[in-house]
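# Examination of the molecular architecture
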Amino acid sequence: MANPMYGQNKFDSKLSDTPRLTVGPEFGFGDDDAAVENSQVLNDSAISIPAGTLVERVAILVTTVGAGGTAGDTDINVGYDGDDDFFLSDVDHNAGFLGTVDNVIFQGNDDTSKQCSKYFSAANVIQAKVITKSATSGKARLLVWSSDLAAI
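Description of the structure in this document. (Residues numbered from 1 in each chain as written. Predicted model: local features only at pLDDT ≥ 70, side-chain atom pairs only at ≥ 80, totals over all residues. Heavy atoms only, no water.)

### Here we look at the packing of aromatic side chains
In total, this model carries three aromatic pairs according to the counting rule given. Plain terms: the ring middles of Tyr80 and Phe86 are 5.5 Å apart, the flat faces sit at 70 degrees to each other, and that makes the pair edge-to-face. The exposure class of Phe86 is buried, given its relative accessible area of 14%. Relative to Phe120, the ring of Tyr80 has its centre 5.2 Å away and its plane inclined at 85 degrees; by these criteria the two rings are edge-to-face. Taken together, the positions of Tyr80 in strand β5 (residues 75-80) and Phe120 in strand β8 (residues 118-120) put the pair 40 residues apart, joining distant regions of the chain. Here the two residues Tyr80 and Phe120 agree in accessibility, since each one is buried. Ring-pair connections join several aromatic residues into one group, and the members of that group are Tyr80, Phe86, Phe87 and Phe120. (Phe/Tyr/Trp six-rings, centres within 6.5 Å; stacked < 30°, edge-to-face > 60°. Buried < 20%, exposed > 50% of the residue type's maximum accessible area, 1.4 Å probe, protein only. Helix = DSSP H or I, 4+ residues; strand = E, 2+ residues; numbered from the N terminus.)

### Quick notes on the environment of Asp32
One can find Asp32 in the loop between β2 (27-28) and β3 (40-49). When its relative accessible area of 44% is taken as the criterion, Asp32 is described as partly exposed. In this structure, Asp32 is in contact with Thr136, Ser137, Gly138 and Lys139, ignoring residues within four places of it in sequence. (Contact = heavy atoms within 4.5 Å.)

### Observations concerning the pattern of salt bridges
Evaluation of the coordinates by the stated rule reveals one salt bridge. In this structure, Lys129 engages Asp84 in a salt bridge whose closest nitrogen and oxygen atoms are separated by 3.1 Å. Of the two residues, Lys129 is situated in strand β9 (residues 124-132) and Asp84 in strand β6 (residues 83-92); the sequence distance between them amounts to 45 residues. Accessibility expressed as a relative area gives 19% for Lys129, which makes it buried. The partly exposed category is assigned to Asp84, whose relative accessible area is 27%. (Salt bridge = Lys/Arg side-chain N within 4 Å of Asp/Glu carboxyl O.)

### Some remarks on unusual backbone geometry
The residue Asp90 is not glycine, and still its phi comes out positive at about 55 degrees. One non-glycine residue, Asp102, lies in positive phi territory at about 65 degrees. Among the secondary structure elements, Asp102 is positioned in the loop between β6 and β7 (104-106).

### Side note on the pairing of strand β10 (residues 137-148)
Pairing of strand β1 (residues 20-23) with β10 involves four bridges; the strand directions are antiparallel. Across the sheet, the residue bridging to Leu21 is Trp145, located in β10. Pairing of β2 with β10, which is carried by two bridges, proceeds in the antiparallel orientation. Note on β10: the bridge partner recorded for Phe27 is Ala140. As judged from the eleven bridges shared by strand β4 (residues 53-67) and β10, these two strands associate in the antiparallel manner. Note that in β10 the partner of Val55 across the bridge is Ser146. (Pairing = 2+ DSSP bridges.)

Nothing here speaks to function; it is all geometry.
So, in structure tokens, the structure goes:
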């Protein structure tokens, strides 16, 4: 029997496996990755989002420092199919952002942040897009915290 003092309700069994963290594949944002061009969506960064998902937060984890080029001239956006800069806009490879290994860039810790969360009623894809390329190297991963709300 559910105990209302602990907030248990009829949705407990449907929500028992949420929230979850999805770590996306490593993608390049510099010249060392042949797939990186100006205004190009980085397909290697894609994380599929099923219908009925609440995306609570999206972040970038820097795995290889963005180097070379002119700091501030490499800008990437993070969004979804339909709004390419919904979560983060114009994140560059200055020190403290893409220029610092193991740095986590998320909504609220930089001046390029946009929205924090979004409910996806239809399946979609969260991905990074290079707006301007200058860095000669650099790699990152997307981190997506989400909850499955399809059962509600």
